[in-house]
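# Structural overview
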Amino acid sequence: MEAVAKLNNNPTSTRKMRLLADLIRGLDVEKALNILKFHPKHPSVPLEKLLLSAIANWKVKNEGARVEDANLQVKTIFVDGGRILKRMRPAPQGRGYRVRKRSNHVTLVVDSRPAVEAK
């Protein structure tokens, strides 16, 4: 049974977050946590917390089941654009340049991998 976790209005551009999301898509949960823990990009911290939240949601849905035995994987992860804060920055000759502070929404789905039958 799958579990979902969402992160809304994270103050990072969608492109930066998608680079990390592409790294962990389809991986086992433990391997994805290790990648995010030691990755140098700054969006890895909220993405790691989101993955831990999805694991906790899975535990609540599947009482009595162990995470180690379930063989969990990151089933789907996608990043959408969030709201944009528009600000003005002073520019030469009395002008103003527009600064767009972007944010994003991340949705992460964790599911147990089906057992492979031995032939």
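Residues numbered from 1 in each chain as written. Predicted model: local features only at pLDDT ≥ 70, side-chain atom pairs only at ≥ 80, totals over all residues. Heavy atoms only, no water.

## Side note on the packing of helix 2 (residues 29–37) against helix 3 (residues 44–61)
- Between helix 2 and helix 3, whose axes approach to 9 Å, the crossing angle comes to 155°. One finds that helix 2 runs roughly antiparallel with respect to helix 3. Along this stretch, helix 2 crosses helix 3, giving a crossing that reads as left-handed. Every residue of helix 3 that contacts helix 2 at Val29, Ala32, Leu33, Leu36 and Lys37 is listed here: Ser44, Leu47, Glu48, Leu51, Leu52 and Ile55. (Axes fitted to C-alpha atoms, helices over the stretch in contact; angles between N-to-C directions. Helix = DSSP H or I, 4+ residues; strand = E, 2+ residues; numbered from the N terminus. Parallel < 35°, antiparallel > 145°, perpendicular 65-115°, else oblique. Left-handed = near helix turned anticlockwise from the far one by under 90°. Contact = heavy atoms within 4.5 Å.)

## Comments concerning the nonpolar core
- Grouped together as the largest cluster of nonpolar side chains are 26 residues, with contacts concentrated most on Leu47, Leu51, Ile77 and Leu108.
- Where this core is concerned, the elements lending two or more residues are strand 1 (3–10), helix 1 (14–24), helix 2, helix 3, helix 4 (67–70), strand 2 (72–81) and strand 5 (104–112).
- Ignoring sequence-local partners within four residues, the contact set of Leu51 consists of Val29, Ala32, Leu33, Leu36, Val74, Leu108 and Val110. (Core = buried A, V, L, I, M, F, W, Y, C linked by side-chain atoms within 4.5 Å. Buried < 20%, exposed > 50% of the residue type's maximum accessible area, 1.4 Å probe, protein only.)

## Things to note about the pairing of strand 5
- Burial within strand 5 is extensive, with seven of its nine residues counted as buried.
- As judged from the nine bridges shared by strand 2 and strand 5, these two strands associate in the antiparallel manner. If you follow Gln73 over to strand 5, its bridge partner there is Asp111. (Pairing = 2+ DSSP bridges.)

## Considering helix 3
- Between its first and last C-alpha atoms helix 3 spans 26 Å; for 18 residues at 1.5 Å apiece the expected length is 26 Å, and the two agree.
- Within helix 3, the full set of buried residues consists of Ser44, Leu47, Glu48, Leu50, Leu51, Ala54, Ile55 and Trp58. The arc that holds the buried residues of helix 3, viewed along the axis, is 160°, so those residues lie on one side. Away from its buried face, by an angle of more than 90 degrees, helix 3 presents the exposed residues Lys49 and Val60.
- Those residues of helix 3 that are buried lie in contact with strand 1, helix 1, helix 2, helix 4, strand 2 and strand 5. (Expected span 1.5 Å × (residues − 1). Arc of directions from axis to C-beta.)

## Brief notes about the environment of Leu20
- Inspection of the secondary structure assignment puts Leu20 in helix 1.
- C-alpha separation for the pair Leu20 and Val110, spaced 90 residues apart in sequence, amounts to 16 Å.

## A closer look at the pattern of salt bridges
- For the coordinates displayed, the defined rule picks out seven salt bridges.
- Linking Arg113 and Asp28 is a salt bridge whose minimum nitrogen-to-oxygen distance equals 3.2 Å. Taken as a pair, Arg113 in the segment after strand 5 and Asp28 in the loop between helix 1 and helix 2 lie far apart in primary sequence, 85 residues in all.
- Residue classification places Arg113 among the partly exposed residues on the basis of a relative accessible area of 31%. (Salt bridge = Lys/Arg side-chain N within 4 Å of Asp/Glu carboxyl O.)

## Considerations on the sheet that holds strand 5
- Reading across the sheet, the three strands line up as 1-5-2 and stay open at both edges, with antiparallel pairing between neighbours. Pairing within the sheet leaves two strands with one partner each, and these edge strands are strand 1 and strand 2. Adjacent strand axes in the sheet meet at a mean angle of 15° when their direction is disregarded.
- Bridge count for strand 1 against strand 5 is six bridges, and the pairing is antiparallel. Bridged to Lys6 within strand 5 is Thr107.
- The strands touched by helix 3 within the sheet are strand 1, strand 2 and strand 5, with strand 1 carrying the most contacts at an inclination of about 150°.

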